[in-house]
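Okay, here's what each chain looks like letter by letter:
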Amino acid sequence: MKALWLENKELQLKTDIPIPQPPKGEALVKVVRAGICNTDLELLKGYYPYAGILGHEFVGIVEKGSEHLINKRVVGEINAACGYCRFCLRGEPTHCENRTVLGIVNRNGAFAEYLCLPEKNLHLVPENVSTDAATFTEPIAAALEIQEQVKIIPDDRVLVVGDGKLGQLIAQTLALTGCDLLVVGRHKDKLANLENRGIKTGLVDDIKDRSFDISVDCTGNPEGFATARRALRPRGKLVLKSTYAGDLSVDMSSLVVDEITLIGSRCGPFSPALELLAKNQIDVTYLIQADYPLSEGLAAFAKAQTKGVLKVLLEMN
């Protein structure tokens, strides 16, 4: 089968990868569509020493597995857990000590014609959700994880720093809480997408220091972190929604003095994400800016790396 293979920071299109055979408890999924995200781009830079097939945002059709899944459209949670370590037994499988992670840690990913995942990781895509829209299930779930970790009420002043792909989704999900939300970024056209949905936006200079209860950094750069930090009041909460390829310098003393809660946030719940899509409570179609066949995957990555580009999708058919 064809696949995009990463090794030693070099991406190549391979055409001779064997079709995987699912072990017991797993399903063979024919990938239909997959999205390139910032984590894929960071892996290409070497943020984690991964070798294999990239990709973890996907929609596919089950070809081998339990009868109730055969020929059904599915999306999949990316962490394949062991089920018996201390984290699994505590109901925290995304931190399983023995986990593999689709396209990220010891498990070939979705930029291929086929992939395997545990059946328990798969979720059926509602009939009224398009395949393109369903490709966003994983990042929407990641956005919703913030609300799993932090209680957000309408009285909260919340800042989102970053107007890229994830920032757009985080802003839309947070807006549903009714909080006093401000999104800041550097691109007026991207901010306009949120303004059209009634979400307040601005530039970094519009932020009043020490005035927000919660801030979310989804920029992946030190400047974004610094902006999110200085915006917080004492005892505020700073949520990190980015992966950083390099080191991040932090003034730890100021975190202590202001009693700031620092929260790392990663994978989230798929069922609520699919429900938001099914109810049209979140819009993702405007984020799609390019669509490439898998055979042109290297060009797709070049497009995804272009400054200002939002979501690039790969078609496997």
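The sections below set out a description of the structure shown in this document. Because the structure is a prediction, the values reported are computed rather than measured. (Residues numbered from 1 in each chain as written. Predicted model: local features only at pLDDT ≥ 70, side-chain atom pairs only at ≥ 80, totals over all residues. Heavy atoms only, no water.)

Of the regular secondary structure elements, the protein chain holds ten helices and 18 strands. For 317 residues, the compact-globule formula gives about 20 Å, and the C-alpha radius of gyration of the protein chain, at 19 Å, lands near that figure. Summarising its shape, the C-alpha atoms of the protein chain cover approximately 55 × 45 × 40 Å along the three principal directions. Split into buried and exposed, the 317 residues of the protein chain put 53% on the buried side. Of the accessible surface of the protein chain, which amounts to about 14,500 Å², a share of 47% is contributed by carbon and sulfur atoms. Computing the positive centroid from 36 side-chain charges and the negative centroid from 40, the protein chain places the two 2 Å apart. (Helix = DSSP H or I, 4+ residues; strand = E, 2+ residues; numbered from the N terminus. Rg over C-alpha atoms; globule rule 2.2 N^0.38 Å. Buried < 20%, exposed > 50% of the residue type's maximum accessible area, 1.4 Å probe, protein only. Areas by Shrake-Rupley, 256 points an atom, 1.4 Å probe, with all protein chains shown as cover. Lys, Arg positive; Asp, Glu negative; His and termini not counted. Charge placed at Lys NZ, Arg CZ, Asp CG, Glu CD.)

This brings us to the nonpolar core. Ranked by internal contacts, the top residues of the largest apolar core, which has 47 residues, are Ile36, Phe58, Phe111, Phe301 and Leu314. For this core, the element with the highest residue contribution is strand S3 (residues 26–36), accounting for six residues. Contact partners of Leu314, with chain neighbours within four places excluded, come to Leu4, Val32, Arg33, Ala34, Ile36, Phe111, Asp291, Tyr292, Pro293, Leu294, Gly297 and Ala300. Counting residues in hydrophobic clusters, the runner-up holds 40 residues, among them Ile140, Leu169, Ile199 and Ala273. (Core = buried A, V, L, I, M, F, W, Y, C linked by side-chain atoms within 4.5 Å. Contact = heavy atoms within 4.5 Å.)

For Asn8, which is not glycine, the phi dihedral falls at a positive 55°. The residue Asn8 is located in the loop between strand S1 (3–7) and strand S2 (10–14) in this model. With a phi angle near 55°, Asn106 is a residue other than glycine that sits in the positive phi range. Take Asn106: it is sitting in the loop between strand S8 (100–101) and strand S9 (114–118). On the basis of relative accessibility, which here comes to 66%, the residue Asn106 falls in the exposed class.

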